[in-house]
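Here are the chains, one letter per residue:
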Amino acid sequence: MNHQEMHVHGVPHAHGGVCQIRAENIHKRFGSLEVLKGVSLTVHKGEVVVIMGPSGSGKTTFIRCLNFLEEPDQGRVVVCNVEVDCGVRAASRERSGKIRQLRTRAAMVFQSFNLFPHMTALGNVIEGPIQVLGMKREEAVKLGEQLLAKVGLAEKRDEYPSRLSGGQKQRVAIARALAMNPEVVLFDEPTSALDPELHEEVLQTMRQLARDGMTMIVVTHEVKFAHDVADRVVFMADGTVVEEGVPQEILVNPKHPRTRAFLRLVE
Ligand code: ADP
């Protein structure tokens, strides 16, 4: 979807205005290692943003900072008008409440799926709606069945994760993220733990989500996916954004030598 379409079709959020995800000047260090050195990113409703860059450049840490799986040391995160300042040492009830709200709006799909092993596919999908959103079981089951059908796994509803392939597990994880009715889905290298022949089924599911207008931030090395699906590609190296732009600019005519060197390696 291009920017013009996005503004025409952008659906106003219930809290007023069009939902926007904004990270401002995010800093994060692990001990003496400065992993994020002031990263900013704005994502509009319906946009698909792909983040690429060499291993260790801080991509995963950055998206984990967006829903406070990592606490940034400095900066600010805003998801659909829920605004949280970072680097605040004193925990307050108000701040924890905002982080909880922000987490239900920004759902995460992990590289290693993180499904609950003792729950069936359906059980994994309905756990969040029941426990976090307070949905009635019957309603959650209906929703869970719809979402499993959407990711092509209706017939696997009663299987446990140990009986699913990696690609199927990741599709269950996507259904589980969608069950929280998020405003944005954050994907952390969703295909990199999978055998190459299983990448495409997960990428197809993600393509469909993008076509449905879901706002997505995707950390991935999948250049073709980025080329076909992203509205914008952000290239990170050494904890900073080196360059960003439409896929054609960044993937075909990158300006920065680091981007060029990286693309030579992954293509
Ligand atoms: P990328 O996703 O670009 O590969 P990461 O965000 O995973 O990069 O990691 C950036 C750097 O931060 C790496 O050097 C990694 O070892 C380090 N790092 C990530 N998480 C932690 C952690 N919890 N504790 C200490 N170091 C970490």
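Residues numbered from 1 in each chain as written. Predicted model: local features only at pLDDT ≥ 70, side-chain atom pairs only at ≥ 80, totals over all residues. Heavy atoms only, no water.

**Observations regarding the overall build of the protein**
Here is step 1: The number of helices and strands found in the protein is ten helices and ten strands.
Here is step 2: Its C-alpha atoms put the protein at 50 × 45 × 45 Å along the principal axes.
Here is step 3: Taken across its 267 residues, the protein has 52% of its residues classed as buried.
Here is step 4: Contacts spanning at least 24 positions in sequence make up 63% of the contacts within the protein whose residues lie at least 6 apart.
Here is step 5: When the 33 basic and 33 acidic side-chain charges of the protein are each reduced to a single mean position, those positions are 4 Å apart. (Helix = DSSP H or I, 4+ residues; strand = E, 2+ residues; numbered from the N terminus. Buried < 20%, exposed > 50% of the residue type's maximum accessible area, 1.4 Å probe, protein only. Contact = heavy atoms within 4.5 Å. Lys, Arg positive; Asp, Glu negative; His and termini not counted. Charge placed at Lys NZ, Arg CZ, Asp CG, Glu CD.)

**Here we look at helix α6 (residues 166-178)**
Because each turn of an α-helix spans 3.6 residues, side chains separated by three or four positions in sequence point in the same direction.
Here is step 1: With 13 residues, α6 extends 18 Å between its outermost C-alpha atoms, agreeing within 8% with the 18 Å of an ideal straight helix rising 1.5 Å per residue.
Here is step 2: Burial analysis of α6 places twelve of its 13 residues in the buried class, which makes it a mostly covered element.
Here is step 3: For α6, every residue scored as buried is listed here: Gly 166, Gly 167, Gln 168, Gln 170, Arg 171, Val 172, Ala 173, Ile 174, Ala 175, Arg 176, Ala 177 and Leu 178.
Here is step 4: Its buried side turned inward, α6 meets β6 (106-109), α4 (121-131), α5 (137-150), β7 (184-188) and α7 (196-211). (Expected span 1.5 Å × (residues − 1).)

**Notes on the state of the cysteines**
Here is step 1: One pass over the full model with this rule turns up one disulfide.
Here is step 2: The side chain of Cys 19 participates in a disulfide bridge whose partner is Cys 80; the two sulfur atoms lie 1.9 Å from each other. Here the S-S torsion is close to -60°, and the disulfide linking Cys 19 with Cys 80 is therefore left-handed. Taken together, the positions of Cys 19 in the loop between α1 (3-9) and β1 (20-30) and Cys 80 in the loop between β4 (74-79) and β5 (82-85) put the pair 61 residues apart, joining distant regions of the chain. Here Cys 19 and Cys 80 have matching classes, each one buried.
Here is step 3: The thiol sulfur of Cys 65 is not disulfide-bonded, and the nearest other cysteine sulfur, from Cys 86, lies at 7.2 Å.
Here is step 4: For Cys 86, a relative accessible area of 10% puts it in the buried group. (Disulfide = S-S within 2.5 Å.)

**So, the sheet that holds β4**
Here is step 1: If you walk across this open sheet you meet the four strands as β2-β1-β4-β5, and the pairing is antiparallel. Looking at strand neighbours, the two that pair on one side only are β2 (33-44) and β5, the edges of this open sheet. The mean inter-strand angle of the sheet, taken between neighbouring strand axes irrespective of direction, is 15°.
Here is step 2: Here β1 runs beside β2; their pairing, made up of nine bridges, is antiparallel. Pairing of Arg 29 across the sheet is with Glu 34, part of β2. (Pairing = 2+ DSSP bridges. Axes fitted to C-alpha atoms, helices over the stretch in contact; angles between N-to-C directions.)

**Describing the site of the ligand**
Here is step 1: Taken together, Phe 30, Leu 33, Val 35, Pro 54, Ser 55, Gly 56, Ser 57, Gly 58, Lys 59, Thr 60 and Thr 61 are the residues near the ligand.
Here is step 2: Lys 59 has a polar side-chain atom sitting 2.7 Å from an oxygen atom of the ligand.
Here is step 3: With respect to the ligand, the side chain of Thr 61 contributes an N or O atom lying 2.5 Å from an oxygen atom.
Here is step 4: Within the complex, the protein chains bury 59% of what would otherwise be the 570 Å² of accessible surface of the ligand.
Here is step 5: The set of elements that each furnish at least two residues to the shell around the ligand consists of β2 and α2 (59-66).
Here is step 6: When residues in the shell around the ligand are grouped by element, the largest group, three residues, is from α2.
Here is step 7: Among the residues making up the shell around the ligand, the classes are represented as four nonpolar, six polar and one charged. (Near = heavy atom within 4 Å. Polar contact = N/O pair within 3.5 Å; in protein donor to acceptor, adjacent residues only side chain to side chain. Areas by Shrake-Rupley, 256 points an atom, 1.4 Å probe, with all protein chains shown as cover. Nonpolar A, V, L, I, M, F, W, Y, C, P; charged D, E, K, R; others polar.)

**Points about the sheet that holds β7**
Here is step 1: Overall, mixed pairing links the six strands, which are arranged β6-β7-β8-β3-β9-β10 in an open sheet. One side of each edge strand has no neighbouring strand; the edge strands of this open sheet are β6 and β10 (240-245). Neighbour-to-neighbour, the strand axes of this sheet turn through a mean angle of 20°, independent of strand direction.
Here is step 2: Sheet analysis places strand β3 (residues 48-52) next to strand β9 (residues 232-237), joined by four bridges and oriented parallel.

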